[in-house]
Amino acid sequence: MTGKTTAPKGHPAPKGHPAPKGHPASKGHPAPKEEPAPAPPAEHASAEPPAAEHPAAEHPPAPEHAPEHPSAAPGDEAAATPKAEGTPAHEEGPPAPPAEPHPPAAEPESEKPKAEPPSPPLSLAVEEVSENSVTLTWKSPEHTGSSALDGYVVEFCKNGSTDWTAANQEPFLSVRYTIHNLAAGEKLHIRVKAVNANGASVPAALEQPVVLREILQRPRIRMPRHLRQTYVRRVGNAVNLMIPYQGKPQPQVTWTKDDQPLDTKRVNIRNGEKDTIFFIREAQRNDSGKYQLTIRVNGAEDKAILDIQVIEPPGPPQNLKLVDVWGFNVALEWSPPADNGNSEIKGYLVQKSDKKSGKWFTVLERCTRTSCTISDLIIGNTYSFRVFAENACGMSEKAAITSSPAHIQKTKTVYQPQKIRQRDMMEPPKFTQPLTDRTTTRGYSTHLICSVRGFPRPKIIWMKNQMEIREDPKYIAMIEQGICSLEIRKASPFDGGVYTCKAVNPLGEASVDCKLDVKVLPKSY
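This is a predicted model, so every value here is computed, not measured. (Residues numbered from 1 in each chain as written. Predicted model: local features only at pLDDT ≥ 70, side-chain atom pairs only at ≥ 80, totals over all residues. Heavy atoms only, no water.)

**Considering the overall build of the protein chain**
Okay, step 1: Of regular secondary structure, the protein chain possesses 1 helix and 36 strands.
Okay, step 2: Counting the 525 residues in the protein chain, one finds 32% classified as buried.
Okay, step 3: Here the contacts in the protein chain between residues at least 6 apart in sequence split such that 64% fall between residues at least 24 apart.
Okay, step 4: When the accessible area of the protein chain is evaluated, it comes to approximately 34800 Å², of which 50% is carbon and sulfur surface. (Helix = DSSP H or I, 4+ residues; strand = E, 2+ residues; numbered from the N terminus. Buried < 20%, exposed > 50% of the residue type's maximum accessible area, 1.4 Å probe, protein only. Contact = heavy atoms within 4.5 Å. Areas by Shrake-Rupley, 256 points an atom, 1.4 Å probe, with all protein chains shown as cover.)

Written as structure tokens, this is what we have:
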């Protein structure tokens, strides 16, 4: 009996054969025994005769095998097909011809990162244009792709042409570039590409062509703030100044000193596109003066003055003299130094030295006058004095010293007491504060007060209704520092009347009086 291979997965089965996959429905060939593991459909070769010899009525479908042989997923069939190609068919009867080879399914490969070039640069713009150069600026691309950015390539072509020329041989990472050596008057289209290991980006191009022509700009000197006033340097120091300016086309720069050309042996000038550098290696006093900077562009010009002052420490003061010595004091005088160091003298420093110790001590600083008085010297010591001059550069290296020392002598003093004139302090009594009338209430104590002066100290006598008050416990009389007081304890209506205070001393007497009224409160029922 001739065998027939079943159609591989993906091809429809012959019409009229709805048999399950992998199980022949032939009448004369019973189905093989079930294996422990269900085999895929393509694992066994079918041995059924052609569809024309077996009517559909004689070959009913065999659903009883469906539970025992579950259909595999499409992916599982494809994966199992290569394994079944070399396995013989387990079937009783004559061997069937081998099944048609089924192409093995490709195993899924791990996804590799897609090689992408960077995105184009952003914000391409023209920063500056001259007759033979163009300066461009841009921003980094938004995405650099799957690898790091190698740099940028700048290209240009003439207006009306499609031949692009690379301005740089190798990529660079700066976001600013200047194309040099261009012809004046040309119109250029310019574009920039970002480059990485995967290739170049879509170019970022300028919307309009660039015309190479110089933009006129008036000359202007931008003098730094610290150079707008006198620039002071010490002798021997270097002077290195950079002064920026602007102007287009390139300005013509001229330096002069006091309206005379500069001495190139002393001053070096280097002019750049946007600044000029003024340099003196070792400044000397004769380098001081006013330097004039002039820049010109097509008849227009701008000027600026640079005032340089080179200074050094001053010389010592002159003609220091010891003018006078008296008591504990010494007076000195001197003259300003012959050389002020090309700077105004700010003051003088005065020092003293006693003969015993030989050490110098400062007694005055920043003395603005050319004379001074030194006090609080020790009696019996001998002193020398010296004076330094000071300017903006510092103290003078040398000092002026007095030619002769000053000796503070010990002088004998005789104490003569001053004769004081005796003053006559004798004075008759006099009341400085009189008594005042008073009103009090029955049962309450009251005080009568007055003040008196006199020398010798007067005797105080208190009287009531012209009768002297003697030792009576109801009355307490006191006097202190000329203040006289009389206390009447728990006054009653009987204590009312006229009270007199009399002061008596050898030079006379004086008296004052007052009236005391004692009220009686009505009884309440």
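Having put the structure on the table, let's press on.
**A look at the sheet that holds strand 15 (residues 268-271)**
Okay, step 1: Taken together, 4 strands build an open sheet; the order of strands is 10-12-16-15 and the sheet is antiparallel. Because the sheet does not close on itself, it has two edges, and the strands there are strand 10 (217-221) and strand 15. When the angles between neighbouring strand axes are averaged without regard to direction, this sheet yields 20 degrees.
Okay, step 2: Pairing geometry for strand 12 (residues 239-248) and strand 16 (residues 275-280), over 6 bridges, is antiparallel. Following the sheet pairing, Pro-244 is matched in strand 16 by Asp-275. (Pairing = 2+ DSSP bridges. Axes fitted to C-alpha atoms, helices over the stretch in contact; angles between N-to-C directions.)

**Quick word on the pairing of strand 31 (residues 459-464)**
Okay, step 1: In terms of strand pairing, strand 31 meets strand 35 (residues 497-505) through 6 bridges, oriented antiparallel. Bridge pairing in strand 35 links Lys-464 to Tyr-499.
Okay, step 2: Here strand 31 folds back onto strand 32 (residues 467-468), and the loop between the two strands holds 2 residues, one of which, Asn-465, carries a positive phi near 55 degrees.

**Structural notes on the environment of Thr-178**
Okay, step 1: Counting through the fold element by element, Thr-178 comes out in strand 5 (residues 176-179).
Okay, step 2: Residues Thr-178 and Thr-137 lie 41 residues apart in sequence; the distance between their C-alpha atoms is 9.0 Å.
Okay, step 3: With residues near it in sequence (within four places) discarded, Thr-178 still touches Ser-133, Val-134 and Thr-135.
Okay, step 4: Here the side chain of Thr-178 touches Thr-135 through a polar contact of 3.0 Å, side chain to side chain. (Polar contact = N/O pair within 3.5 Å; in protein donor to acceptor, adjacent residues only side chain to side chain.)

**Concerning a nonpolar patch on the surface**
Okay, step 1: Together, Met-425, Met-426, Phe-455 and Leu-507 make up an exposed nonpolar region whose accessible area comes to about 390 Å².
Okay, step 2: Tracing the backbone shows Met-426 in the loop between strand 27 (406-407) and strand 28 (427-433).
Okay, step 3: Overall, Met-426 belongs to the partly exposed group, its relative accessible area being 40%. (Patch = residues over 30% accessible without salt bridge, like charges linked within 9 Å, V, L, I, M, F, W, Y side chains within 5 Å. Salt bridge = Lys/Arg side-chain N within 4 Å of Asp/Glu carboxyl O.)

**Topic: the packing of aromatic side chains**
Okay, step 1: Applying the stated criterion to the full structure yields 9 aromatic pairs.
Okay, step 2: Residues Trp-138 and Tyr-152 carry aromatic rings whose centres are separated by 5.4 Å and whose planes lie at 70 degrees to one another, so their mutual orientation is edge-to-face. Highlighted residues: Trp-138 in strand 2 (residues 134-139) and Tyr-152 in strand 3 (residues 149-158), separated in sequence by 14 residues.
Okay, step 3: Look at Trp-138 and you get buried, because its relative accessible area is 4%. (Phe/Tyr/Trp six-rings, centres within 6.5 Å; stacked < 30°, edge-to-face > 60°.)

**Looking at the pattern of salt bridges**
Okay, step 1: Counted by the stated rule, this structure contains 15 salt bridges.
Okay, step 2: Here Lys-193 and Glu-155 are joined by a salt bridge, their closest N and O atoms 3.8 Å apart. Linking Lys-193 in strand 6 (residues 187-196) with Glu-155 in strand 3, this pair joins segments that are 38 residues apart in sequence. One exposure class covers both Lys-193 and Glu-155, and it is buried.
Okay, step 3: Between Lys-290 and Asp-307 there is a salt bridge, with its nearest N and O atoms 3.3 Å apart. Linking Lys-290 in strand 17 (residues 289-297) with Asp-307 in strand 18 (residues 300-311), this pair joins segments that are 17 residues apart in sequence.
Okay, step 4: Taking relative accessible area as the criterion, Lys-290 reaches 49% and is therefore assigned partly exposed.
Okay, step 5: Through salt bridges that share partners, Glu-155, Arg-191 and Lys-193 make up one connected network.

**Re the nonpolar core**
Here is a general trend for soluble globular proteins: nonpolar side chains tend to be buried in one another's company.
Okay, step 1: Residues Val-239, Trp-255, Phe-278, Tyr-291, Leu-306 and Ile-308 are the most contacted members of the largest nonpolar core, which totals 22 residues.
Okay, step 2: Contributing elements (two or more residues each) for this core: strand 12, strand 13 (252-257), strand 16, strand 17 and strand 18.
Okay, step 3: Apart from residues no more than four positions distant in its own chain, Phe-278 is found in contact with Val-239, Asn-240, Leu-241, Trp-255, Val-267, Asn-268, Ile-269, Tyr-291, Leu-306 and Ile-308. (Core = buried A, V, L, I, M, F, W, Y, C linked by side-chain atoms within 4.5 Å.)

**Re the sheet that holds strand 36 (residues 508-519)**
What links the strands of a sheet is backbone hydrogen bonding, and the strands pair in either a parallel or an antiparallel sense.
Okay, step 1: Across the sheet, 5 strands lie side by side as 29-36-35-31-32; this open sheet has mixed pairing. Each edge of the sheet is formed by a strand with only one pairing partner; in this case those strands are strand 29 (438-441) and strand 32.
Okay, step 2: Pairing of strand 31 with strand 32 involves 2 bridges; the strand directions are antiparallel. By the bridge assignment for strand 32, Met-463 is matched with Glu-468.

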